[in-house]
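So you can see what is in the structure, the chains are spelled out below.
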Amino acid sequence: MRVLVVEDSDSLRSTLSQALQNSGYVVDSAADGEEGLWFAESNDYDVVVLDIMLPKMDGLTVLERLRQNGCETNVLLLTAKDSLKDKVHGLQIGADDYLVKPFDLEELLARVWALCRRKYGRKDNRIEIEDLTLDLNARTVSRNGSPIYLTAREFKVFEYLALRRGQIVSKTEIESNVYDSEAELMSNVVESTICDLRRKLTPDADDTGNIIYTRRGMGYYIKKEQSE
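Residues numbered from 1 in each chain as written. Predicted model: local features only at pLDDT ≥ 70, side-chain atom pairs only at ≥ 80, totals over all residues. Heavy atoms only, no water.

Visitor: Describe the nonpolar core, listing the residues and the values that go with them.
Guide: Within the largest apolar cluster, 48 residues are counted, with the highest numbers of intra-cluster contacts made by L108, V112, F158, I174 and I212. At seven residues, helix α6 (residues 152-163) tops the list of elements feeding residues into this core. Residue contacts for I174: discarding those within four places in its chain leaves V157, Y160, L161, V169, Y179, V190 and Y220. Of all hydrophobic cores here, the second largest spans 21 residues; its members include L50, L54, V62 and L63. (Core = buried A, V, L, I, M, F, W, Y, C linked by side-chain atoms within 4.5 Å. Buried < 20%, exposed > 50% of the residue type's maximum accessible area, 1.4 Å probe, protein only. Helix = DSSP H or I, 4+ residues; strand = E, 2+ residues; numbered from the N terminus. Contact = heavy atoms within 4.5 Å.)

Visitor: Give a detailed account of the pairing of strand β11 (residues 219-222), specifying residues and quantitative values.
Guide: Neither face of β11 is exposed, since G219 and Y221 on one face and Y220 and I222 on the opposite face are all buried. Pairing geometry for strand β10 (residues 212-215) and β11, over four bridges, is antiparallel. Bridge pairing in β11 places Y213 opposite Y221. Hairpin connection, β10 to β11: the antiparallel pair is bridged by three residues, and G217 has positive phi, about 80°. (Pairing = 2+ DSSP bridges.)

Visitor: Residue-level account of the pairing of strand β6 (residues 126-129), with values.
Guide: Only one face of β6 is covered, namely the one carrying I127 and I129; the face carrying R126 and E128 has none of its residues buried. Bridge analysis of β6 against strand β7 (residues 132-135) gives four bridges, and the strand direction is antiparallel. Directly across from E128, in β7, lies its bridge partner T133. Connecting β6 to the antiparallel partner β7 that follows it, the hairpin turn spans two residues, and E130 within it adopts a positive phi of roughly 55°.

Visitor: Tell me about the sheet that holds strand β3 (residues 47-51), residues and numbers included.
Guide: Strands sit in the order β2-β1-β3-β4-β5 across an open sheet of five strands; the sheet is parallel. Here the strands that pair on one side only, and so sit at the sheet edges, are β2 (26-30) and β5 (97-100). Strand-to-strand twist of the sheet, defined as the mean angle between neighbouring strand axes without regard to direction, takes the value 15°. Examined bridge by bridge, β3 and strand β4 (residues 74-79) share five bridges and lie parallel to one another. From the neighbouring strand, V47 faces β4, where its bridge partner is N74. Each of β3 and β4 is contacted by helix α3 (residues 59-68), which is oriented at about 165° to β4, the strand it contacts most. (Axes fitted to C-alpha atoms, helices over the stretch in contact; angles between N-to-C directions.)

Visitor: Before we move on, can you summarise the sheet that holds β6 with the specific residues and values?
Guide: Reading across the sheet, the four strands line up as β6-β7-β8-β9 and stay open at both edges, with antiparallel pairing between neighbours. Edge positions in the open sheet fall to β6 and β9 (146-148), since each of these has one partner strand only. Mean inter-strand twist for the sheet, computed between neighbouring axes without regard to direction, equals 30°. Taken together, the four bridges between β7 and strand β8 (residues 140-143) define a ladder with antiparallel strand orientation. Counted as the bridge partner of L134 is V141 from β8. On top of the sheet, α6 reaches β6, β7 and β8; it is set at about 105° to β7, its chief contact. Sheet contacts for helix α8 (residues 189-201): β7, β8 and β9; angle to β8, the most-contacted strand, approximately 40°.

Visitor: Just give me the short version of the pattern of salt bridges, but keep the residues and values in it.
Guide: Applying the stated criterion across every chain yields a total of 18 salt bridges. A salt bridge links E107 to R111, with the shortest nitrogen-to-oxygen separation between them at 2.8 Å. Taken together, the residues E107 and R111, both in helix α5 (residues 105-119) and four residues apart, mark about one turn of the helix. The partner of E191 in a salt bridge is K171, and the shortest N-O contact between them spans 3.2 Å. Linking E191 in helix α8 with K171 in helix α7 (residues 171-178), this pair joins segments that are 20 residues apart in sequence. One continuous salt-bridge network, built from bridges that share partners, spans E7, D51 and K101. (Salt bridge = Lys/Arg side-chain N within 4 Å of Asp/Glu carboxyl O.)

Visitor: Explain the environment of D104 residue by residue, including any values.
Guide: Tracing the backbone through its elements, the reader meets D104 in the loop between β5 and α5. A polar side-chain atom of D104 sits 2.9 Å from the main-chain amide nitrogen of E106. (Polar contact = N/O pair within 3.5 Å; in protein donor to acceptor, adjacent residues only side chain to side chain.)

Remember, this is a structural readout, not a statement about activity or role.
So this is what it looks like as structure tokens:
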């Protein structure tokens, strides 16, 4: 999942970016409103963490521009103004949530995750796929209670496909939402990760019970259950 942090304080921007990366997100950051608007309009994010007090263009103007241009990305506002008027105004023009500075880092991470769940239509932190269980909080996968070891990168790819279950996900989308830098995109890294996931998640040597499917020329998908 991919998050944009727009914050003019170098120290806070660095702290937030590092904490989000440690929690498994791909993170971009911007130091002013104009740069933040450019990032938000140029990429597909799950959440934008947006400070209100920014140089060049304030956060509320950035938010208004995004909504006027049809951007529906969930936005978490950061504000030092602890007044009802500011909170209400932010929500009225399209913010999805807000935090008043100073805030606890764990609370910010929890709110970002809640907004991600909202985007993918999930109310809980567990995804069941046949006999597999993904725990999105613990970042673990198990089959009938027995753990399956996945690398951090393998988990992120599987998580992204699982959250978009029933949809074909292109290689480009996986690269954009899972991999942090071009250095990680050398050669056939996505194809290799999918191959490793299939090997670990497929219980039978003859590949029966496959979880991740390929639509040639389009991408990868996990089948949607009939009841979904």
